[in-house]
Amino acid sequence: MNSSTTYTAFSGDRYLANGEMMELILKIKQLQETTENILIFNDQNGRQIDFDYTGSEQEIRERYAEPEPTKKVGRPKLGVISREITLQKKHWDWLDQQSASASAIIRKLIDKELDDPNSESNKMLAKQATDRFMSAMLGDMPNYEEATRALYQGDKQMLIALIHNYPKDIQEYIFKLSKNAF
């Protein structure tokens, strides 16, 4: 699973740029004077996001810099976050029989699911990301509702047929987001 978040920018139905946050913000800042109605989408979840392009490049870098980590209890260098989990007795019994700790086993199970692009949860995440983008960009387009139904029904050929008249850049991004949906 890709750990770095990437974004894609559109002006109307035209693709503008793609990249990690800072890279994209600086590209868009350059294009902003000649381009109108810029919409940016998170490539991992399809959510629309707004960035503040005002100020100098240095000010932008400072605005979006990663905050300094604070000293935390536990194992923050490993990215461990302590939370409560509630399971049924049969689940605890199964975890108790494993050769590693319950936390390690649960992490392995989740990692296995996350790494499998064909898992049902990853298919649903891809469908949701595609749906968010389609809703923001295509809500008024012909066949939008039918295309959304085809997406959630897992009918890739129907989705392709329904969006074949959509702008090329929009189609390509739909295909990118929905790559693991089918």
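Reading the values: rules and limits
Throughout, a residue's number is its position along its own chain's written sequence, starting from 1. Reporting of local features is limited, given that this is a predicted model, to residues whose pLDDT is at least 70; pairs of side-chain atoms are given and counted only at 80 or more, and all residues count toward the totals for whole chains, interfaces and linings. The basis for every side-chain value is the complete set of heavy atoms in the structure, and neither hydrogens nor water enter the calculation. Pairing between strands is defined by DSSP: at least two bridges between the two strands are required. Helix and strand labels come from DSSP, where a helix needs a run of H or I of at least four residues and a strand needs a run of E of at least two; each type is numbered from the N terminus. Residue contacts are defined here by distance: any two heavy atoms, one from each residue, within 4.5 Å place the two residues in contact. Between N-to-C directions, angles span 0 to 180 degrees; the directions come from axes that are lines fitted to C-alpha atoms, helices contributing only their stretch in contact. Each patch is built from residues that are more than 30% exposed by relative accessible area and take part in no salt bridge. Like charges join if they lie within 9 Å; nonpolar side chains (Val, Leu, Ile, Met, Phe, Trp, Tyr) join within 5 Å. Per-residue and other accessible areas were derived by the Shrake-Rupley procedure at a 1.4 Å probe size, with only the shown protein chains allowed to occlude residues. For this analysis, a salt bridge means a side-chain nitrogen from Lys or Arg found within 4 Å of a carboxyl oxygen belonging to Asp or Glu. In this tally Asp and Glu are treated as negative and Lys and Arg as positive; neither His nor the chain ends contributes. In this description, the location of a charge corresponds to atom NZ of lysine, CZ of arginine, CG of aspartate or CD of glutamate. Type-normalised accessible area, obtained with a 1.4 Å probe on protein chains alone, sets the label of each residue: buried when under 20%, exposed when over 50%, and partly exposed for intermediate values. Here a Phe, Tyr or Trp ring, Trp counted by its six-membered ring, pairs with any other such ring whose centre lies within 6.5 Å, and the pair is stacked when the planes are under 30 degrees apart, edge-to-face when over 60, and tilted otherwise. Among the buried residues, those of types Ala, Val, Leu, Ile, Met, Phe, Trp, Tyr and Cys that are joined through side-chain atoms within 4.5 Å form a nonpolar core. Each angle is binned into one of four classes, with values under 35 degrees roughly parallel, values over 145 roughly antiparallel, values of 65 to 115 roughly perpendicular, and all other values oblique. Handedness of a helix crossing follows the sense of rotation of the near helix relative to the far helix, less than a right angle counterclockwise being left-handed and clockwise being right-handed. Residue polarity follows a fixed list, in which Ala, Val, Leu, Ile, Met, Phe, Trp, Tyr, Cys and Pro are nonpolar, Asp, Glu, Lys and Arg are charged, and the others, Gly among them, are polar.

Visitor: Would you explain the sheet that holds strand β4 (residues 48-49) in this entry?
Guide: The strands making up a sheet associate through backbone hydrogen bonding, with each pair oriented either parallel or antiparallel. Taken in spatial order, the four strands line up as β2-β1-β3-β4 in an open sheet, and their pairing is antiparallel. In the strand order of this sheet, the two ends are held by β2 (14-20) and β4, each with one partner. In this structure, strand β1 (residues 6-11) lies alongside strand β3 (residues 38-42), joined through five bridges in antiparallel fashion. Its bridge partner being in β3, Y7 is matched across the sheet by N42. Contacts from helix α1 (residues 21-31) reach β1, β2 and β3 within the one sheet, and its direction differs from that of β2 by about 145 degrees.

Visitor: Got a minute to help me understand a negative patch on the surface in this structure?
Guide: Residues D111, E113, D115 and D116 make up a contiguous surface patch of negative charge. Mapped onto the elements of the fold, E113 is located in helix α4 (residues 102-115). A relative accessible area of 34% means that E113 is categorised as partly exposed.

Visitor: Whenever I open this one, the packing of aromatic side chains confuses me. Can you help?
Guide: Any aromatic ring pair is given by two values, namely how distant the centres are and how the planes are angled relative to each other. What the rule picks out here adds up to eight aromatic pairs. With centroids separated by 6.4 Å and ring planes inclined at 85 degrees, the aromatic side chains of F10 and Y15 adopt a geometry described as edge-to-face. For Y15, a relative accessible area of 40% puts it in the partly exposed group. The interplanar angle of 85 degrees and the centroid separation of 5.6 Å between the aromatic rings of F51 and Y64 together place this pair among those described as edge-to-face. Taken together, the residues F51 in the loop between β4 and α2 (57-63) and Y64 in the loop between α2 and α3 (89-96) connect sequence positions 13 residues apart. Look at F51 and you get buried, because its relative accessible area is 10%. Taken together, F10, Y15, F41, F133 and Y173 form an aromatic cluster joined through their ring pairs.

Visitor: How do you make sense of the nonpolar core when you look at a structure like this?
Guide: Nonpolar side chains tend to gather and get buried jointly when the protein is soluble and globular. Ranked by internal contacts, the top residues of the largest apolar core, which has 20 residues, are F133, M134, L138, L159 and I174. Those elements that provide at least two residues to this core are α5 (120-138), α6 (144-153), α7 (156-162) and α8 (168-177). Top contributing element to this core by residue count: α5, with five residues. Discounting chain neighbours no more than four positions away, the residues touching F133 are F10, F41, G46, L138, I170, Y173, I174 and L177. Residues Y7, A17, Y53 and Y64 belong to the second largest nonpolar core, which totals 15 residues.

Visitor: Before we go on, may I ask you to explain the packing of α5 against α8 in this structure?
Guide: In helix packing, the relevant descriptors are the interaxial angle and the interaxial distance, both defined with respect to the helix axes. The N-to-C vectors of α5 and α8 enclose an angle of 160 degrees; their axes lie 8 Å apart at closest approach. Between α5 and α8, the angle is such that the two are roughly antiparallel. Considering the relative orientation of α5 and α8, their crossing is right-handed. The residues of α8 that touch α5, namely those facing A126, A129, T130, F133, M134, M137 and L138, are I170, Y173, I174 and L177. Looking at the contact of α5 with α8 residue by residue, the class counts come to ten nonpolar, one polar and no charged.

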